[in-house]
Amino acid sequence: MSTSSHSDKKNVIVRQPPRSFADALTTSQFTNGEKPDYNLALKQHNEYVETFEKLGLNVILLEAEEEYPDCCFVEDQALIVDNHVFFPITGAPSRMGEQKTIIDTITPHMKSIHWCQEPGRIDGGDVVRVGDIFYIGKSKRSNDEGISQFQDFLFKLGFESYVINVPSYSLHLTTLCSAPNSNILLIPESTANDLVFENLPNSVEIIKIPDNETYGCNTIGIGNKVIISEGYSTVKNILSKKGLEIIELPMSEFRAVDGSLTCLSLFYQ
Ligand code: CIR
């Protein structure tokens, strides 16, 4: 889940990529199908973890699970909203077993625990929170039943939510957009007509980013700082002009398998 600000969060769960990482699922949206390099992925992941440590977060680093090549993408396995958790059933059958360790790690810290029921499917990567409004992507991974169960969970917590159709070339809603703070939403130019953010407050500015920087639209805002992927100069310039302090991280190996910045972490208070 991409959230407009993590400044109230103290804890972040991450998991190292496994040696089997080259076998992670991919649509090749961002590459020509080349496989990621495990050693480079590990180095990039270490930088990601160090960044959170420098920002003063308590990092819970889970061990890689070799039988799950995609296990570092922890975002998909839990939807945490103000320390209430909804455990989704992920839309990727090969990834279902990854959830057990996530459940064991998160559950003791939550105020309430909710479970997606069959035939619901939803991936954490399909949820974008902008202020107190949630946008949920209907995608290859998230179906009507899963989305509506998550919407019930949000409704009981007092939050509004809306569904957005994710274009078929993209894996998740967070593959295309994020809100680095409660006043900014980054989206690729060509999706401007397709991604309809119903009831978005007037205070939120939608910033259209050139399509060749689509991958750069996924960011993590933490207070006045924003983590962005290295190599996206338009995103960098726009966000620094908005007064945000930029932290750039190399993400090439995760991008090769459709993983963006938000996919690698799960925050809680
Ligand atoms: C997958 O296809 O499931 C992984 N290779 C990438 C998951 C990215 N996760 C995310 O966007 N939340």
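Placed above this text is the structure.
These numbers were taken from a predicted model, which means no experiment stands behind them.

Draft legend 1. Seen up close, the sheet that holds strand β15 (residues 245–249). Ordered by their spatial adjacency, three strands build an open sheet running β13-β14-β15, and the pairing between neighbours is mixed. Unpaired on one side and paired on the other, β13 (220–222) and β15 mark the two borders of the sheet. For this sheet the average axis-to-axis angle between neighbouring strands, irrespective of direction, equals 25°. Pairing between strand β14 (residues 225–229) and β15: five bridges, direction parallel. Bridge pairing in β15 links Ile 228 to Glu 248.

Draft legend 2. Local environment of the site of the ligand. Around the ligand lies a shell of 15 residues, among which Leu 25, Asp 70, Glu 75, Val 257 and Cys 263 are the nearest. One of the side-chain N or O atoms of His 172 is found 2.8 Å from an oxygen atom in the ligand. Taking Val 257, its main chain carries an N or O atom lying 2.8 Å from a nitrogen atom of the ligand. A total of 340 Å² of accessible area belongs to the ligand in isolation, and the protein chains cover 99% of it. Residues that form the shell around the ligand fall into these classes: five nonpolar, four polar and six charged.

Definitions and limits used
- Residues numbered from 1 in each chain as written.
- Predicted model: local features only at pLDDT ≥ 70, side-chain atom pairs only at ≥ 80, totals over all residues.
- Heavy atoms only, no water.
- Pairing = 2+ DSSP bridges.
- Helix = DSSP H or I, 4+ residues; strand = E, 2+ residues; numbered from the N terminus.
- Axes fitted to C-alpha atoms, helices over the stretch in contact; angles between N-to-C directions.
- Near = heavy atom within 4 Å.
- Polar contact = N/O pair within 3.5 Å; in protein donor to acceptor, adjacent residues only side chain to side chain.
- Areas by Shrake-Rupley, 256 points an atom, 1.4 Å probe, with all protein chains shown as cover.
- Nonpolar A, V, L, I, M, F, W, Y, C, P; charged D, E, K, R; others polar.

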